[in-house]
Amino acid sequence: MPKPATDSPERNGNVQVLTRAIAILNHLAQADGGASLTEIGNAVGLAASTTHRLLTSLESERYVRFDAETKLWSVGVQAFIMGNGFLRTRDLVRLARPHMRALMEASGETVNLAIEDQGAAVYLSQVECREMMRTFARLGARVPMHCSGVGKALLSALGEAALIRHVERHGLTRMTARTLTDRQGLSADLAAARARGYAIDDEEHAVGLRCVAAPIFNEHGDPVGAVSLSGPMARITDTRMPVLGGLVGQAAGRIMAEIGGNPGL
């Protein structure tokens, strides 16, 4: 009788190398301006020699690049190509883009598109406004759900049980003095968002910035993304908020029509 197959030492070693390389890429993806060999090694828990060997291998395939002048490593062009491969499979990004641009023109504010991934909101696309003072979200950046406009829009589309699970797993970290850090308060805020059709980040993620966001639902009525407007408090005033909220809600509706979505509320 044949023996059950077992992983060989070589296979286990290859898996470990792959895991370590992915950890390095994940760290570089979040490192604005690049990172040094020491910083990368410390972040992923590897010796400098091991880190350098992996970086060199990744560099040979153009997944990372090294700046000889600054001595910093950063994400390479091949990683960008792979990222674009993901975006090509996300019809949401392609179909939402014209409506995001129209929303920017109508509001004069920066427009963002985000999805949920492992308990965080991740920015997939952005149309910057023309104002000198404007917000900027790096594509691929992750922000907490409970204090960002896009995150709160996504949470508002979930039931109370799902919200409880989210809070238990991810917590409610305070980002500013205005961050909602108790579940009851957040639940009430999300109920208000559902009633008016859009969520508000009122300096909850960053001081001086406001965001208005609405969820995007698929054909099953499940939230698959959120579209938002963001800008400084000087422009996103209390008086202007309902107008911007209406524009965001209309844009979310047009994007849903493009993907055959159904609010399901």
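Read on for an overview of the structure.

What counts and what doesn't
Residues numbered from 1 in each chain as written. Predicted model: local features only at pLDDT ≥ 70, side-chain atom pairs only at ≥ 80, totals over all residues. Heavy atoms only, no water. Helix = DSSP H or I, 4+ residues; strand = E, 2+ residues; numbered from the N terminus. Buried < 20%, exposed > 50% of the residue type's maximum accessible area, 1.4 Å probe, protein only. Pairing = 2+ DSSP bridges. Axes fitted to C-alpha atoms, helices over the stretch in contact; angles between N-to-C directions. Contact = heavy atoms within 4.5 Å. Disulfide = S-S within 2.5 Å. Polar contact = N/O pair within 3.5 Å; in protein donor to acceptor, adjacent residues only side chain to side chain. Expected span 1.5 Å × (residues − 1). Arc of directions from axis to C-beta.

### Looking at the side chain of Arg 210
Step number 1: Looking at the element boundaries, Arg 210 is found in strand S7 (residues 209–217).
Step number 2: Of the residues examined, Arg 210 reaches a relative accessible area of 7% and is grouped as buried.

### Observations concerning the sheet that holds strand S6 (residues 199–202)
Step number 1: Pairing within the open sheet is antiparallel, and its six strands lie in the order S5-S4-S3-S8-S7-S6. Among the strands making up the open sheet, the edge pair consists of strand S5 (142–144) and S6. Along the sheet, successive strands turn relative to each other by an average axial angle of 35 degrees, direction set aside.
Step number 2: Pairing of S6 with S7, which is carried by four bridges, proceeds in the antiparallel orientation. Pairing of Asp 201 across the sheet is with Cys 211, part of S7.
Step number 3: On the sheet, helix H5 (residues 91–107) packs against strand S3 (110–117), strand S4 (120–127), S7 and strand S8 (223–232) and is oriented at approximately 65 degrees with respect to S4.

### A word on the state of the cysteines
Step number 1: Taken as a whole and judged by the stated rule, the model has zero disulfides.
Step number 2: For the unlinked cysteine Cys 129, the closest cysteine sulfur is that of Cys 211, found at 13 Å.
Step number 3: Given a relative accessible area of 4%, Cys 129 falls into the buried group.
Step number 4: Its sulfur unpaired, Cys 147 is 11 Å from the next cysteine sulfur, which belongs to Cys 211.
Step number 5: Owing to a relative accessible area of 0%, Cys 147 belongs among the buried residues under this scheme.

### Description of the environment of Lys 152
Step number 1: Within the secondary structure layout, Lys 152 lies in helix H6 (residues 149–156).
Step number 2: Using a relative accessible area of 0% as the deciding quantity, one classes Lys 152 as buried.
Step number 3: When the C-alpha atoms of Lys 152 and Ala 114 are compared, they prove to be 11 Å apart, with 38 residues separating the residues in sequence.
Step number 4: If near-sequence neighbours (up to four positions away) are discounted, Lys 152 is found in contact with Met 145, His 146, Cys 147, Leu 180, Asp 189, Leu 190, Ala 199, Ile 200 and Glu 204.
Step number 5: A distance of 2.8 Å separates a polar atom in the side chain of Lys 152 from a polar atom in the side chain of Asp 189.

### Focus on helix H3 (residues 48–60)
Step number 1: Helix length check: H3 (13 residues) gives 18 Å between terminal C-alpha atoms against 18 Å at 1.5 Å per residue, within 8%.
Step number 2: When H3 is considered as a whole, its buried residues turn out to be Thr 50, Thr 51, Leu 54, Leu 55 and Leu 58. An end-on view of H3 places all buried positions within 130 degrees of arc, on one side of the element. Seen from the open side of H3, the exposed residues pointing more than 90 degrees away from its buried face are Ser 49 and Ser 60.
Step number 3: One or two residues past the end of H3 sits Arg 62, with phi positive at roughly 70 degrees.

Note that every value here comes from positions in space, so none of it alone points to a role or purpose.
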